Amino acid sequence: GIAKDQYLVFGFNPIESRDTTTLGKEIKWAGKSYSAGSEVISAYSNWSLTADCVFELLSDSDWIVELGAGVTFAAQTIRLDYPEGNNLGETSDLFVAPAIIFNGGYKFTEDFFLDLRYRASGLSEYTSQAYSVGVTYQINDRWSASLFRGVLEQEIDGDEYYNDASFDHGGFAVTYAF
(Lines give C-alpha, C1' and ligand atoms only; values in the text may rest on other atoms or scores of the structure.)
Protein backbone atom coordinates (compact mmCIF):
# COMPACT_ATOMS: atom_id res chain seq x y z
CA GLY A 1 0.00 0.00 0.00
CA ILE A 2 0.91 3.66 -0.12
CA ALA A 3 0.40 4.11 3.63
CA LYS A 4 -0.65 1.96 6.58
CA ASP A 5 -4.40 2.43 6.03
CA GLN A 6 -4.60 3.06 2.28
CA TYR A 7 -3.79 1.32 -0.98
CA LEU A 8 -4.01 1.71 -4.76
CA VAL A 9 -5.97 -0.66 -7.00
CA PHE A 10 -5.55 -0.89 -10.78
CA GLY A 11 -7.94 -2.90 -12.91
CA PHE A 12 -8.31 -3.99 -16.52
CA ASN A 13 -11.62 -5.46 -17.65
CA PRO A 14 -11.89 -6.50 -21.33
CA ILE A 15 -15.35 -7.63 -22.43
CA GLU A 16 -15.90 -9.02 -25.93
CA SER A 17 -19.16 -10.45 -27.29
CA ARG A 18 -20.32 -11.74 -30.69
CA ASP A 19 -23.83 -12.70 -31.77
CA THR A 20 -25.76 -13.56 -34.92
CA THR A 21 -29.45 -12.76 -35.33
CA THR A 22 -32.17 -12.40 -37.95
CA LEU A 23 -33.65 -8.91 -37.99
CA GLY A 24 -37.39 -8.52 -37.45
CA LYS A 25 -37.39 -5.06 -39.00
CA GLU A 26 -35.07 -2.78 -40.94
CA ILE A 27 -32.49 -0.94 -38.84
CA LYS A 28 -29.92 1.77 -39.47
CA TRP A 29 -26.58 1.65 -37.67
CA ALA A 30 -23.58 3.95 -38.06
CA GLY A 31 -24.68 5.16 -41.51
CA LYS A 32 -25.54 1.69 -42.84
CA SER A 33 -28.95 0.03 -43.42
CA TYR A 34 -29.82 -3.59 -42.65
CA SER A 35 -33.03 -5.01 -44.15
CA ALA A 36 -35.77 -6.89 -42.31
CA GLY A 37 -35.36 -10.68 -42.47
CA SER A 38 -31.60 -10.51 -43.05
CA GLU A 39 -29.04 -12.19 -40.86
CA VAL A 40 -26.50 -9.85 -39.19
CA ILE A 41 -23.47 -10.37 -37.00
CA SER A 42 -22.92 -7.99 -34.11
CA ALA A 43 -19.61 -7.50 -32.32
CA TYR A 44 -19.45 -5.71 -28.99
CA SER A 45 -16.18 -4.63 -27.37
CA ASN A 46 -15.93 -2.83 -24.03
CA TRP A 47 -12.54 -2.43 -22.41
CA SER A 48 -12.06 -0.48 -19.21
CA LEU A 49 -9.06 0.58 -17.15
CA THR A 50 -9.59 1.70 -13.57
CA ALA A 51 -7.36 3.33 -10.96
CA ASP A 52 -8.56 3.74 -7.37
CA CYS A 53 -7.20 4.96 -4.03
CA VAL A 54 -8.90 3.15 -1.12
CA PHE A 55 -8.82 4.04 2.59
CA GLU A 56 -9.28 1.41 5.33
CA LEU A 57 -11.50 2.92 8.04
CA LEU A 58 -11.36 0.07 10.59
CA SER A 59 -7.89 -1.35 10.04
CA ASP A 60 -7.61 -2.73 13.62
CA SER A 61 -11.00 -4.50 13.54
CA ASP A 62 -12.32 -7.80 12.20
CA TRP A 63 -14.87 -5.75 10.25
CA ILE A 64 -13.76 -4.43 6.87
CA VAL A 65 -14.96 -0.92 6.01
CA GLU A 66 -13.23 0.90 3.17
CA LEU A 67 -14.01 4.01 1.10
CA GLY A 68 -12.25 5.23 -1.99
CA ALA A 69 -12.20 7.37 -5.09
CA GLY A 70 -10.89 6.68 -8.55
CA VAL A 71 -11.20 7.09 -12.27
CA THR A 72 -12.50 4.91 -15.12
CA PHE A 73 -11.30 4.92 -18.72
CA ALA A 74 -13.77 2.98 -20.90
CA ALA A 75 -13.55 2.30 -24.65
CA GLN A 76 -16.54 0.79 -26.42
CA THR A 77 -16.95 -0.35 -30.03
CA ILE A 78 -20.10 -1.82 -31.58
CA ARG A 79 -20.04 -3.33 -35.10
CA LEU A 80 -22.80 -4.73 -37.33
CA ASP A 81 -22.37 -6.48 -40.67
CA TYR A 82 -23.86 -9.17 -42.87
CA PRO A 83 -22.15 -12.59 -42.58
CA GLU A 84 -20.68 -12.18 -46.06
CA GLY A 85 -19.40 -8.69 -45.17
CA ASN A 86 -19.52 -5.56 -47.37
CA ASN A 87 -21.82 -3.52 -45.06
CA LEU A 88 -19.82 -2.86 -41.90
CA GLY A 89 -21.35 -0.25 -39.60
CA GLU A 90 -19.14 0.68 -36.66
CA THR A 91 -19.24 3.17 -33.83
CA SER A 92 -16.59 3.74 -31.14
CA ASP A 93 -16.55 5.88 -28.02
CA LEU A 94 -14.09 6.69 -25.25
CA PHE A 95 -15.26 7.76 -21.80
CA VAL A 96 -13.40 9.09 -18.74
CA ALA A 97 -15.38 9.27 -15.50
CA PRO A 98 -14.77 9.62 -11.74
CA ALA A 99 -15.59 6.72 -9.41
CA ILE A 100 -16.50 6.04 -5.79
CA ILE A 101 -15.72 2.80 -4.00
CA PHE A 102 -17.18 1.07 -0.93
CA ASN A 103 -15.84 -2.24 0.35
CA GLY A 104 -17.13 -4.12 3.36
CA GLY A 105 -16.64 -7.51 4.87
CA TYR A 106 -15.52 -9.59 7.80
CA LYS A 107 -12.19 -11.22 8.72
CA PHE A 108 -12.89 -14.70 10.08
CA THR A 109 -9.16 -15.14 10.74
CA GLU A 110 -6.09 -13.11 9.82
CA ASP A 111 -5.82 -15.21 6.65
CA PHE A 112 -9.44 -15.79 5.61
CA PHE A 113 -12.13 -13.18 4.99
CA LEU A 114 -15.38 -12.38 3.20
CA ASP A 115 -15.57 -9.18 1.17
CA LEU A 116 -18.36 -7.22 -0.49
CA ARG A 117 -17.33 -4.64 -3.08
CA TYR A 118 -19.21 -1.81 -4.77
CA ARG A 119 -17.82 0.63 -7.36
CA ALA A 120 -19.84 3.32 -9.14
CA SER A 121 -18.52 5.50 -11.94
CA GLY A 122 -20.09 8.02 -14.24
CA LEU A 123 -20.61 11.30 -15.98
CA SER A 124 -23.36 12.52 -18.30
CA GLU A 125 -23.26 9.92 -21.12
CA TYR A 126 -21.56 7.05 -19.24
CA THR A 127 -22.46 5.34 -15.95
CA SER A 128 -21.38 2.01 -14.53
CA GLN A 129 -21.65 0.13 -11.29
CA ALA A 130 -20.00 -3.07 -10.25
CA TYR A 131 -20.69 -5.15 -7.20
CA SER A 132 -19.28 -8.46 -6.08
CA VAL A 133 -18.95 -10.87 -3.19
CA GLY A 134 -15.91 -13.00 -2.59
CA VAL A 135 -13.87 -15.05 -0.19
CA THR A 136 -10.14 -14.43 0.09
CA TYR A 137 -7.26 -16.40 1.55
CA GLN A 138 -4.21 -14.29 2.46
CA ILE A 139 -1.27 -16.56 1.59
CA ASN A 140 1.34 -14.18 3.03
CA ASP A 141 1.98 -10.41 3.28
CA ARG A 142 2.18 -10.07 -0.50
CA TRP A 143 0.05 -12.84 -2.03
CA SER A 144 -3.65 -13.69 -1.77
CA ALA A 145 -6.12 -15.91 -3.63
CA SER A 146 -9.85 -15.20 -4.06
CA LEU A 147 -13.04 -16.74 -5.40
CA PHE A 148 -15.62 -14.14 -6.42
CA ARG A 149 -18.98 -13.57 -8.12
CA GLY A 150 -20.23 -10.22 -9.37
CA VAL A 151 -22.20 -8.05 -11.77
CA LEU A 152 -21.11 -5.11 -13.92
CA GLU A 153 -23.92 -2.82 -15.08
CA GLN A 154 -23.22 -0.13 -17.64
CA GLU A 155 -25.36 2.47 -19.37
CA ILE A 156 -24.30 4.66 -22.29
CA ASP A 157 -26.70 7.32 -23.53
CA GLY A 158 -24.86 8.83 -26.46
CA ASP A 159 -25.81 10.89 -29.48
CA GLU A 160 -25.84 7.87 -31.83
CA TYR A 161 -27.19 5.09 -29.59
CA TYR A 162 -28.38 3.98 -26.17
CA ASN A 163 -26.75 0.90 -24.61
CA ASP A 164 -27.84 -0.64 -21.31
CA ALA A 165 -25.80 -3.76 -20.52
CA SER A 166 -25.35 -6.10 -17.58
CA PHE A 167 -22.50 -8.63 -17.33
CA ASP A 168 -22.41 -11.45 -14.78
CA HIS A 169 -18.93 -12.64 -13.94
CA GLY A 170 -17.08 -14.82 -11.50
CA GLY A 171 -13.73 -16.35 -11.11
CA PHE A 172 -10.53 -17.03 -9.28
CA ALA A 173 -7.93 -14.33 -8.73
CA VAL A 174 -4.38 -14.42 -7.47
CA THR A 175 -3.24 -11.00 -6.24
CA TYR A 176 0.19 -9.59 -5.49
CA ALA A 177 0.58 -6.45 -3.33
CA PHE A 178 3.73 -4.36 -3.42
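Right above here is the structure, for reference.
Rules used throughout
- Residues numbered from 1 in each chain as written.
- Predicted model: local features only at pLDDT ≥ 70, side-chain atom pairs only at ≥ 80, totals over all residues.
- Heavy atoms only, no water.
- Pairing = 2+ DSSP bridges.
- Helix = DSSP H or I, 4+ residues; strand = E, 2+ residues; numbered from the N terminus.
- Axes fitted to C-alpha atoms, helices over the stretch in contact; angles between N-to-C directions.
- Contact = heavy atoms within 4.5 Å.
- Core = buried A, V, L, I, M, F, W, Y, C linked by side-chain atoms within 4.5 Å.
- Buried < 20%, exposed > 50% of the residue type's maximum accessible area, 1.4 Å probe, protein only.
- Polar contact = N/O pair within 3.5 Å; in protein donor to acceptor, adjacent residues only side chain to side chain.
- Salt bridge = Lys/Arg side-chain N within 4 Å of Asp/Glu carboxyl O.

Undergrad: Which residues make up the sheet that holds strand β5 (residues 63-81), and what are the values?
TA: Strand order in the open sheet formed by eight strands is β1-β4-β5-β6-β7-β8-β9-β10, and the pairing between neighbours is antiparallel. Each edge of the open sheet carries a strand with a single partner, namely β1 (6-22) and β10 (162-176). Strand after strand, the sheet turns through a mean of 20° between neighbouring axes, direction not considered.

Undergrad: Please provide a residue-by-residue account of the environment of Gly170, values included.
TA: Among the secondary structure elements, Gly170 is positioned in strand β10. Residues contacting Gly170, with those up to four places away along its chain left out, are Phe148 and Arg149.

Undergrad: Account for the nonpolar core, with residues named and values stated.
TA: Of all hydrophobic cores here, the largest spans 18 residues; its most connected members are Trp29, Tyr34, Val40, Tyr126 and Phe167. Taken together, the elements giving at least two residues each to this core come down to β4 (39-56), β5, β6 (89-107), β9 (143-157) and β10. Top contributing element to this core by residue count: β5, with three residues. When near neighbours in sequence (up to four residues on either side) are disregarded, Tyr126 contacts Thr72, Ala74, Phe95, Ala97, Ser121, Gln154, Glu155 and Ile156.

Undergrad: Break down the environment of Asp81 for me, citing the residues and quoting the values.
TA: When you line up the elements, Asp81 lands in strand β5. By relative accessible area, Asp81 is classed as buried at 15%. A sequence separation of 52 residues divides Asp81 from Trp29, and the C-alpha atoms of the two residues are 9.6 Å apart. Leave out the neighbours within four places in its chain, and Asp81 touches Tyr34, Val40, Ile41, Asn86, Asn87 and Leu88. Within the structure, Asp81 has its side chain in polar contact with the backbone nitrogen of Asn87 (distance 3.0 Å).

Undergrad: Lay out the side chain of Ser121 with the relevant residues and their values.
TA: Relative to the assigned elements, Ser121 resides in strand β7 (residues 112-122). At 2.9 Å, the side chain of Ser121 and the side chain of Thr72 are in polar contact. In terms of polar contacts, Ser121 uses its side chain to reach the backbone carbonyl oxygen of Pro98, at 2.9 Å. The contact partners of Ser121, leaving out residues within four places of it in the chain, are Thr72, Ala97, Pro98, Ala99, Tyr126, Thr127 and Ser128.

Undergrad: Account for the pattern of salt bridges, with residues named and values stated.
TA: By the definition in use, this model includes seven salt bridges. One salt bridge in this structure joins Glu16 and Arg18, with 3.4 Å as the shortest N-O distance. A salt bridge links Glu90 to Arg79; its shortest N-O distance comes to 3.1 Å. Of this pair, Glu90 sits in strand β6 while Arg79 sits in strand β5, placing them 11 residues apart in sequence. According to the relative accessible area criterion, Glu90 is partly exposed, its value standing at 38%. Accessibility expressed as a relative area gives 30% for Arg79, which makes it partly exposed.

Undergrad: So, the side chain of Thr91: which residues are in play, and what are the values?
TA: Mapped onto the elements, Thr91 comes out in strand β6. Taking the relative accessible area as the measure of exposure, Thr91 reaches 5% and is therefore buried. In contact with Thr91, other than residues within four places in its own chain, are Trp29, Ala30, Gln76, Thr77, Ile78, Glu160 and Tyr161.

Undergrad: Could you give an account of the environment of Ile2, naming the residues involved and the relevant values?
TA: Secondary-structure assignment places Ile2 in the segment before β1. Of the residues examined, Ile2 reaches a relative accessible area of 47% and is grouped as partly exposed. For the pair Ile2 and Arg119, spaced 117 residues apart in sequence, the C-alpha separation works out to 20 Å. Not counting chain neighbours up to four residues away, the residues in contact with Ile2 comprise Tyr7, Leu8 and Cys53.

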